[in-house]
Amino acid sequence: MASFQQRKAIGDAHERYVAEQLIGRGWAVDFWGQGLLSRALQCALRRTDSSIRWFPDLIAAKAGDLVLIDCKGGMTSQRTGRHAIERSAVQAHLQLIAWTGLPVYYVFDGLDVWAPHDVLIAGQEGPHSVVGSGAPYFLIGAQGARRFDALFGARELPALDIAS
């Protein structure tokens, strides 16, 4: 089992990858959420039930669209192909959607995209696990996921400066 630091490194790399993918599609992206807080505040939040501990990782805008994205790197089983999402995160994100009126999306390895409501409806409660935090979670299959390109657009090709 990977340590917290190893899991965090995987998550951080996935956040950067998702941000790069969005930027390549013309989105303005900023990092957001717990990752910007000091280590002391992150630890204090982890000891609470506050919904702010589940703030998404990225905020992105393009034209009139503004979205919140929670990156889920390393949360897909290689054996089953299912994604895991902590139930507390889904509940907090449903509240965040109601409060802000903004969509929240989960982006997994392979750029599979799910929304919290979809996970609540289609997800299955996972068995208790001693892996990771051990918190209750939902399992959701990769099939049925939204396509990243369909939601956020295709990658923009760089303009070629070719003289005619």
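Rules used in this analysis
- Residues numbered from 1 in each chain as written.
- Predicted model: local features only at pLDDT ≥ 70, side-chain atom pairs only at ≥ 80, totals over all residues.
- Heavy atoms only, no water.
- Phe/Tyr/Trp six-rings, centres within 6.5 Å; stacked < 30°, edge-to-face > 60°.
- Helix = DSSP H or I, 4+ residues; strand = E, 2+ residues; numbered from the N terminus.
- Buried < 20%, exposed > 50% of the residue type's maximum accessible area, 1.4 Å probe, protein only.
- Salt bridge = Lys/Arg side-chain N within 4 Å of Asp/Glu carboxyl O.
- Expected span 1.5 Å × (residues − 1).
- Arc of directions from axis to C-beta.
- Contact = heavy atoms within 4.5 Å.

### Some points on the packing of aromatic side chains
Here's step 1: All chains considered together, the criterion is met by four aromatic pairs.
Here's step 2: On the numbers, 5.0 Å between centres and 15 degrees between planes, the contact of Trp 32 with Phe 55 is stacked. With Trp 32 in the loop between strand 1 (28–31) and helix 2 (39–46) and Phe 55 in the loop between helix 2 and strand 2 (58–62), this pair connects stretches of sequence that are 23 residues apart.
Here's step 3: You can call Trp 32 partly exposed: its relative accessible area is 27%.
Here's step 4: The exposure class of Phe 55 is partly exposed, given its relative accessible area of 26%.

### Notes on the pattern of salt bridges
Two side chains of opposite charge can pair, provided their charged atoms sit close to one another.
Here's step 1: By the definition in use, this model includes four salt bridges.
Here's step 2: The salt bridge partner of Arg 25 is Asp 149, with a shortest N-O separation of 2.6 Å. Of this pair, Arg 25 sits in the loop between helix 1 (4–23) and strand 1 while Asp 149 is found in helix 5 (residues 148–152), placing the two residues 124 residues apart along the sequence.
Here's step 3: When its relative accessible area of 4% is taken as the criterion, Arg 25 is described as buried.
Here's step 4: One salt bridge in this structure joins Arg 87 and Glu 125, with 2.9 Å as the shortest N-O distance. With a gap of 38 residues between them, Arg 87 in helix 3 (residues 87–100) and Glu 125 in strand 7 (residues 124–125) connect regions that are remote in the sequence.
Here's step 5: For Glu 125, a relative accessible area of 58% translates into the label exposed.

### Observations concerning helix 3
Here's step 1: Taking 1.5 Å as the rise per residue, helix 3 with 14 residues should run 20 Å; its terminal C-alpha atoms sit 20 Å apart, in good agreement.
Here's step 2: Those residues of helix 3 not exposed but buried are Ala 89, Val 90, Ala 92, His 93 and Leu 96. Within helix 3, the buried residues cover an arc of 165 degrees as seen down the axis, which keeps them to one side. When the buried face of helix 3 is taken as reference, the exposed residues oriented beyond 90 degrees from it are Ala 98 and Trp 99.
Here's step 3: Each element contacted by the buried residues of helix 3 is listed here: strand 3 (65–72), strand 4 (82–86), strand 5 (104–108), helix 4 (116–122) and strand 8 (137–141).
Here's step 4: One or two positions beyond helix 3, positive phi appears at Gly 101, with a value near 75 degrees.

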